Amino acid sequence: MSSDSENPATEAKPEEKPTPPKPAAKAEEKPEELPAFEKGISDKLVEKFGDKVQVDFVKEDRVGIKTSKENVHDVAQFIRDDLHYDHAESVTGVDFPADNEIEVVYHLGSYTESSLARQVLTLATRAPRESNPIPGQDSTKLPSLRDVFYSVEFGEREVFEMLGVYFDGHPDNRRLLLPEDWADLPPLRKDFAIKGR
Amino acid sequence: MTDIMPPGLALKKVDERIMTLNVGPQHPGSGHMRIVVQIDGDYIVACDPDPGYVHRGEEKMAEYRNYITNVPHLERPVIHDSCNVLYPYVLGAEEILGIEVPERAKYVRVICSELNRCIYTMYWLAIYGIFLGHSTMFMWPAGDRELLIDLMEKVSGARVTHAHFIPGGVRNDLPANFEDVCLRQVNYFEKRIKEYAAVFYDNPILISRTRDTGVLTRENAIRYGTTGSVLRASGVDYDLRVKAPYDVYEELDVHTNVLKEGDSYARSKVPWLDMMESCNIIRQALQKMPKSGSVRTKLKPNPKTKGPATVYKRVESGRGSLGCYIVSDGKTEPYRVKMSVPSFRNLLAMPNLLIGEKLGNMPSVYWSLNYWPVEADR
Amino acid sequence: MSAIAPKFKLSEFIKSLLDNAFWTVLLASLIGLPAIQVVLFYIEMPVINGELLTPFLALTWLADPTRSLPILKAFMATDMFRVMVFPGFGFAALIAAGTIFIERKMLAKLQLRVGPFYCGKIEGILQLMGDGLKLISKEIIIPAKADKPIFWAAPVIFVATAAAFVALIPVAPGWVVADVDLGLLAVFAVIGFFPIVTILSAWSANSKFPFIGGIRALFQMVSFEIPLILSLLGVVILTGTLNLSEIAASQTNFPWIVFLPVGAIVFFITMLAELERIPFDLPEAESEIVAGWLTEFSGMMYGLVQLGTYLKLYAFAGLFVVLFLGGWNGPMVVPPFPEELLTGVQVGPLTVGPFPGLPLFDQEMLNGTLWFVLKTVGVIFFILLPRGVFPRIRIDMLLSLGWTKLIGLAFVNIFIALGLLYAGVLGPGGLQ
């Protein structure tokens, strides 16, 4: 699932960011042509955390970081304090039944740091997945980043109800969108099938 | 699930002074959502937004359809902003499918996107007017909106649900003589919305009612992760059309409207200023657009992807930054589509702004957050 | 035989005829004859032109309609007519209906739309009737835990209170339902009754939104009653009377708005607040509290409240006209009645006519009514206008407006009146 991501030719346009534009970033095969600014960000993270973080991809305006659930809080704190990302745009849960894991992806952005205005840092972490979920009371748990990024509050609530990932330390782990009497599987898991499809 | 009770069902023992109001979903001032409000006298002491009444599972549905058939249903969350709500998905799908978009199609997209922003904002403004009890401000935008809806009907054939943007360009070319008609309508539209100042934005009662209510400071606006007009009304100069331009916005001169106050008056004024800016952008785009050429890269009905990938694309919609995160596993259907919608992000500011306000300020603060319940639920 | 009545039998037909005849005779003799006797024996018939009104005399009206004039005049002099028809309920309801129509069309023009259009061919003139029929035909739903007697009574009391207010307004010289010496005081008393009705209905509904709306209405009406009363004191000081007819009659030369514009403005604003019109429609603020104290009303209960609201609107506009705009006073524009509408025509041996004019109303009364209606409609227009221009204000802004600014202005008005009085410009020894 770790991405390769050809740079689309649709976005071939002159850039106004400090680094010169790089047409392609083939992360898997030829990693030598990474965009410099984004590379700098990922390098800082690797420098600080070593092998606790894996650089998922580095491409134009996007940096992808993967880390384990034990380290995600520290990494997020570092991203906020030292890299100056100040808000989370979204919290996404992706179900991977093949790996028996659920990935939670935070898309982080920055309003205050003007050089980071174009950037989105993708912070991904994974929680174990259980085939018979009891949301909130099984091992599918992650530390909440709500005390680091306040803006993840509703996003984490949504991930909790949609995928059954309980966030430890979240002050308000309640349903948000689903009906109050929802008693089925968390609906965005892959084993929740839509009727007729 | 004992400690995880849904909102409203968890009956806590509260003071006898406190009255709990269920504002919505059948309430003229709530939209398609519920706000559980606790008031002490006239002051709101607790506020718990409860969206989800129009949750349609768009993200789940998107996992079952291929990249082309996802187009018509992914615009449903905000049908009156349907071009913009599709825009990030289309950009992401183009990256995953590896398609190039013709230059003229990019300009058509910009024009449609700006027209749709105005259509959305007029609708929003109409509801803002009636929320404040100003019935003229309900009727005028709802009527003037027709000008632009007619334009979009000429372009796409549908009045509201256009499904005009598709991976590879736009569905069809602009009709003949569109530039003149568009220019005329947009000029008249701009003249009309400038008249709104006299009846609405300069109205002393409106100003005294919305000034200094629901103040969102710059720090809190950033902390809550708000976006769009809410953010710009709090003094943060952040517009994706300028900061991270997509398609041809880079070649256009876009001015960002920023107000410092952060109260509901500023939040209601920024979208209005943005509409005038949209008119400017449309005029520029009409001028710079290539006069002829293809508007669409042909695709097969069930196009193949280029292998596993993740993309996250953002555009500036009528409500703010709208992101689309697509995970592809190489099949013809997306593995996961996540819409990071501005309404959902702005919703977080609502309980924080409403607590401590008067009940009479609830509609103005709530709707000034540029919030569209259907979009937040997806 | 025939397809129309296949089972026709002559005997049955004759039997049905006989049946009908039997019942007619029975009912006429058992009910009709006693009724006529009751009328003849027990009801005192009026004396018209020196002769007693007998059924025979009534029959002669068929031959000469002019002979019915005295009885019509006698009927118009009764209290019943005044209460039900002319200066009272019927007249006010007619103006209220016109107000609703004008409000809808005017607001529609202001907002660049059409307004009611289809019902009744001409510009949707029958829309109100359609709405009324709809409201009548709707089910009345009472909240389960409501205090039912009070809840049922509230709309009726509301209409009754509004009608009582209407009864105090003089329309033309001598044409007022209740010509009370302390008329203005009676007006204050009736106005003071509205918040009670409102809070009763809101409380008895046992529902949250009506409760908040009722409390808001109470706040609003109570806090605006004080500037309302104070703003009218100037007129009372200058005229020296509380009788509304005398106040109207005192303005033959100039209306009081010339000398007391401040009072007129204060009264107009408080009037908007008492009427719960935009921008002061907080008790019914739909985006905040659904429909305020009207939330639980359904069907004709809601219709009654609306009727009461518009009667109240007419009464307030009429009060404004009587106090500040000179009431019925105005130049004589109604032409004098001709004695004979058509002079007699000789047709062969017969003389037809002369046809008399219709001297039911005298010239002065018609002229007064005309001017009163014109002024009232003008005032109503200005009451309706803010609805298209202003948003709703907030309860704290409203209260600070009522308690500080309006009361202050009302005192300014009183001092103006006192100054005029003591300077000898007006009042005894002055212009009047």
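Residues numbered from 1 in each chain as written. Chains lettered and ligands numbered in written order. Predicted model: local features only at pLDDT ≥ 70, side-chain atom pairs only at ≥ 80, totals over all residues.

### Regarding the overall build of chain A
Counting its regular elements, chain A contains 3 helices and 7 strands. N-terminal to C-terminal, the α/β element order of chain A is α-β-β-α-β-β-β-β-α-β. Classification of the 197 residues of chain A by burial places 47% in the buried group. Taking contacts inside chain A between residues at least 6 apart in sequence as the whole, the part at least 24 apart equals 53%. (Helix = DSSP H or I, 4+ residues; strand = E, 2+ residues; numbered from the N terminus. Buried ≥ 20, exposed ≤ 12 C-beta atoms within 10 Å, placed from the backbone. Contact = placed C-beta atoms within 7 Å.)

### As for the pairing of strand β7 (residues 321-328) of chain B
Residue and element names in this part refer to chain B. Counting buried residues along β7, 8 of its 8 residues qualify, which places the element largely inside the surrounding structure. Alternating positions in β7 separate into two faces, S321, G323, Y325 and V327 on one and L322, C324, I326 and S328 on the other, with burial throughout. As defined by bridge partners, strand β6 (residues 309-316) adjoins β7 across 8 bridges and the pair is classed as antiparallel. Looking across to β7, one finds that K313 is bridged to C324. (Pairing = 2+ DSSP bridges.)

### Some remarks on the packing of helix α12 (residues 261-274) of chain C against helix α14 (residues 300-324) of chain C
Residue and element names in this part refer to chain C. Where α12 meets α14, the closest approach of the two axes is 11 Å, and the angle between their N-to-C directions is 170 degrees. One finds that α12 runs roughly antiparallel with respect to α14. Side by side, α12 and α14 meet where A264, F267, F268, M271 and E274 of the first sit next to F316, F320 and F324 of the second. (Axes fitted to C-alpha atoms, helices over the stretch in contact; angles between N-to-C directions. Parallel < 35°, antiparallel > 145°, perpendicular 65-115°, else oblique.)

### With respect to unusual backbone geometry
In the segment running from C:I278 into C:P279, the intervening peptide bond is cis, with an omega of 10 degrees. Looking at the secondary structure, you find C:P279 in the loop between α12 and α13 (286-289). Of note, B:A163 is a non-glycine position whose phi angle comes to about 50 degrees, a positive value. Tracing the sequence through the fold places B:A163 in the loop between α5 (135-156) and β4 (165-166). For B:D247, which is not glycine, the phi dihedral falls at a positive 45 degrees. Counting through the fold element by element, B:D247 comes out in the loop between α10 (240-243) and α11 (264-288). For B:D247, a count of 23 C-beta atoms within 10 Å corresponds to the buried category.

### Observations regarding the interface of chain C and chain B
In this assembly, 24 residues from chain C lie in contact with 28 residues from chain B. Residue assignment for the side of chain C that touches chain B shows that the elements contributing at least two residues are α13 and α16 (395-422) of chain C. Looking at the side of chain C that touches chain B, its residues break down into 12 nonpolar, 3 polar and 9 charged. (Nonpolar A, V, L, I, M, F, W, Y, C, P; charged D, E, K, R; others polar.)

### Points about the interface of chain A and chain B
At the junction of the two partners, chain A supplies 42 residues and chain B supplies 46 residues. Those elements that provide at least two residues to the side of chain A that touches chain B are β3 (87-96), β4 (101-109), β5 (120-128) and α3 (153-163) of chain A. Split by residue class, the side of chain A that touches chain B holds 17 nonpolar, 12 polar and 13 charged.

### Considerations on the pairing of strand β3 (residues 43-50) of chain B
All names here are of chain B. Where strand β2 (residues 34-40) lies against β3, 7 bridges are found, and the strand directions are antiparallel. Bridging across to β3, D40 finds its partner in Y43. Here β2 hands over to β3 after 2 residues, with G41 in that stretch at a positive phi of 65 degrees.

### Some words on α14(C)
All names here are of chain C. Spanning 25 residues, α14 covers 35 Å between terminal C-alpha atoms, matching the ideal 36 Å at 1.5 Å per step. Taking burial as the measure, the 25 residues of α14 include 22 buried ones, the bulk of the element. Of the residues flanking the end of α14, it is G326, one or two places downstream, whose phi is positive at about 90 degrees. (Expected span 1.5 Å × (residues − 1).)

### A few points about the sheet that holds β5(A)
Residues and elements named next belong to chain A. Spatially, the 5 strands line up as an open sheet ordered β1-β2-β5-β4-β3, and their pairing is mixed. In this open sheet, the two edge strands, each paired with only one partner strand, are β1 (53-59) and β3. Each neighbouring strand pair of the sheet contributes to a mean axis angle of 20 degrees, computed without reference to strand direction. Bridging between strand β2 (residues 62-67) and β5 involves 6 bridges; their strand directions are parallel. Bridge pairing in β5 places G64 opposite T122.

### Side note on the environment of C:F211
All names here are of chain C. Mapped onto the elements of the fold, F211 is located in helix α10 (residues 208-239). On the basis of neighbour count, F211 is assigned to the partly exposed category, with 19 C-beta atoms found within 10 Å. Along the primary structure F211 and I142 are separated by 69 residues, whereas in three dimensions their C-alpha atoms are 15 Å apart. Non-local contacts of F211, meaning those with residues more than four positions away in its chain, are made with A202 and W203.

Interpretation in functional terms is not warranted from these geometric data alone.
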